[in-house]
Amino acid sequence: MALRKQLPPGSTATAPISFLGPLGRARRAFSHPWAFTLLSLGPESGAEGEGPEERGRESRKLRLSTLRPLLAILVTAPTSGKTGQSCAAVPGNGHGGFLSLRSENVLVLALGVIILGVCHYTLTVKGSHLATHGALTESKRWSRIWELFFVEVCSSFTAEYANYGHVKIHHGYTNVLGLGDSSTWRLPFLNRYVYMFLAPLLIPVLTPLVAVERLRKVELRSAVRTLGLISLGLYAHYWLLLNVSGFRSPGSALLCMLITRSLLAHPYLHINVFQVSRGTQAKPLVQMEREAQRWVRLSSKHRQESLAKHIGLPMFSRDKKPRRIHMMSLGVLNLPRLPVLDWAFGHSIVSCHVEHHLFPRLSDNMCLKVKPVVSQFLQEKQLPYNEDSYLARFWLFLRRYEEFLVQTPPITELVGLQ
């Protein structure tokens, strides 16, 4: 009901849509033209009696305020006479950003590397993810600008393939074998220890190389633009290290680029294979079997086959994939809130991944707000709401690497529920 009260006059959702319950009303609210305004304002913003123009101006201010953490990257303005002190990079007027790298103190230098690494992933993962989904602004023009900035300038990848691979394939065919099954992250020729511990360090090097390889399949105009923006982003990072941070040799600057760009590469790779992949033992097998049996009773003559035949999140065939609500509840998993990863990757990737797959255009803030509603709805309908800890997932994948990331997973078929 709380979501329904936020709708403007004349747009109340009276008929059930898609699926019954609060998620149906939420979907109607989020698809309304004023959705971004209402969701940005939140329950305490927007005084009663304000018109759409006032609310629109306020929502634009709030959306810009949500972008500041993403854009508050590389802080170079000192707050005192001492070189390297900055107030914006780290609370408490600590050393931060590129200027900390000028210090000869090892601790200050390490702090600068950590700050740049976290800010880099805030831009390349959180910023790129939200921009690709158009969750940063209502304007299509500005959405495109932010997408090019975050994906191509900051992440050194091509925006066209980021949109196609993530939005159209991954979200459109979540856990469908051969399409959205996270097979991109499988490297069967690597053993478990190389894959889990060493391979992530190559992500900063492989990303622009993969982007260049993909440019063969796009238009010449797009390819030239992408090459220009990727080169601009890489050279800007290199130039700042030489001219602001004071690195004296190109080799040391390139080494610093590699370190900062691979600082959170391990959790980035791990989360990508943990959350939407076959190997998800979010619940014990016995509990999954009981839920399957309960589903059979509630389905009235419907049978659920193959769910208990393997441990983990189900995979589906393209021809017999179930309804979207069943795909998302069965095939997606949330991790608990982790401060650093929530900041750098975003709630929609870490702790609200189920909510994000149900409502891809919601901001991180709104994913947190609808999380209790989604959880309650799935529990009331006795659908799975998968949650597990990072360490539990890590050890599970390390133990069963061959089964989860090398072998082809079996297909789950929900008979009668398509």
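Below is a short write-up of the structure. Worth saying up front: this structure is predicted, and the values here are computed from it rather than measured.

**Observations regarding helix α11 (residues 250-261)**
In step 1: Over its 12 residues, α11 extends 16 Å from the first C-alpha to the last, a length consistent with the 16 Å expected when each residue adds 1.5 Å.
In step 2: Where α11 is concerned, the buried positions are A253, C256, M257, T260 and R261. Along the long axis of α11, the arc covered by the buried residues comes to 120 degrees, so they all point the same way.

**A closer look at the packing of aromatic side chains**
In step 1: Inspection of the entire model under this criterion finds 16 aromatic pairs.
In step 2: On the numbers, 6.5 Å between centres and 55 degrees between planes, the contact of Y121 with Y268 is tilted. Of this pair, Y121 sits in helix α5 (residues 106-132) while Y268 sits in helix α12 (residues 265-275), and the two are 147 residues apart along the sequence.
In step 3: Ring pairs connect the aromatic residues Y121, W185, Y268 and F345, which therefore count as one cluster.
In step 4: Positioned above the aromatic ring of W343, the side-chain terminus of K126 is 5.6 Å from the ring centre.

**Notes on the environment of V350**
In step 1: Structurally, V350 is set in the loop between α15 (339-345) and α16 (353-358).
In step 2: Sequence-wise, V350 and L338 are 12 residues apart; in three dimensions their C-alpha atoms are separated by 7.9 Å.

**Things to note about the nonpolar core**
Across soluble globular proteins, you tend to see nonpolar side chains buried next to one another.
In step 1: Counting residues in hydrophobic clusters, the biggest one holds 29 residues, and the most contacted among them are Y195, I271 and F345.
In step 2: Of all the secondary structure elements, the ones that give two or more residues to this core are α5, α8 (192-198), α12, α15, α18 (390-399) and α19 (401-405).
In step 3: Excluding residues within four positions of it along the chain, I271 makes contact with L335, L341, F345, I349, V350 and Y390.
In step 4: Listed in part, the 20 residues of the second largest apolar core include I325, C352, L362 and L383.

**Observations regarding the packing of helix α6 (residues 140-154) against helix α10 (residues 220-243)**
In step 1: Between α6 and α10, the shortest axis-to-axis distance is 8 Å and the interhelical angle comes to 60 degrees. Compared by their axis directions, α6 and α10 come out oblique. The residues of α10 that touch α6, namely those facing R144, L148, E152 and V153, are R225, T226, L229, I230 and G233.
In step 2: Considered class by class, the residues forming the contact of α6 with α10 number 4 nonpolar, 2 polar and 3 charged.

**Points about the pattern of salt bridges**
In step 1: Considering all chains together, one arrives at 10 salt bridges under this definition.
In step 2: As a salt-bridge pair, R144 and E160 come within 2.9 Å of each other at their nearest N and O atoms. Of this pair, R144 sits in helix α6 while E160 sits in helix α7 (residues 159-170); the two residues are 16 residues apart in sequence, bridging distant segments of the chain.
In step 3: You can call R144 partly exposed: its relative accessible area is 31%.
In step 4: One salt bridge in this structure joins E387 and K371, with 3.9 Å as the shortest N-O distance. Pair noted here: E387 is in strand β2 (residues 386-387) and K371 is in helix α17 (residues 364-380), with a separation of 16 residues, a long-range link.
In step 5: Beyond isolated ion pairs, a larger network of salt bridges with shared partners links R144, E147, E152, E160 and R225.

About the cut-offs
- Residues numbered from 1 in each chain as written.
- Predicted model: local features only at pLDDT ≥ 70, side-chain atom pairs only at ≥ 80, totals over all residues.
- Heavy atoms only, no water.
- Helix = DSSP H or I, 4+ residues; strand = E, 2+ residues; numbered from the N terminus.
- Expected span 1.5 Å × (residues − 1).
- Buried < 20%, exposed > 50% of the residue type's maximum accessible area, 1.4 Å probe, protein only.
- Arc of directions from axis to C-beta.
- Phe/Tyr/Trp six-rings, centres within 6.5 Å; stacked < 30°, edge-to-face > 60°.
- Lys NZ or Arg CZ within 6 Å of the ring centre and 35° of its normal.
- Core = buried A, V, L, I, M, F, W, Y, C linked by side-chain atoms within 4.5 Å.
- Contact = heavy atoms within 4.5 Å.
- Axes fitted to C-alpha atoms, helices over the stretch in contact; angles between N-to-C directions.
- Parallel < 35°, antiparallel > 145°, perpendicular 65-115°, else oblique.
- Nonpolar A, V, L, I, M, F, W, Y, C, P; charged D, E, K, R; others polar.
- Salt bridge = Lys/Arg side-chain N within 4 Å of Asp/Glu carboxyl O.

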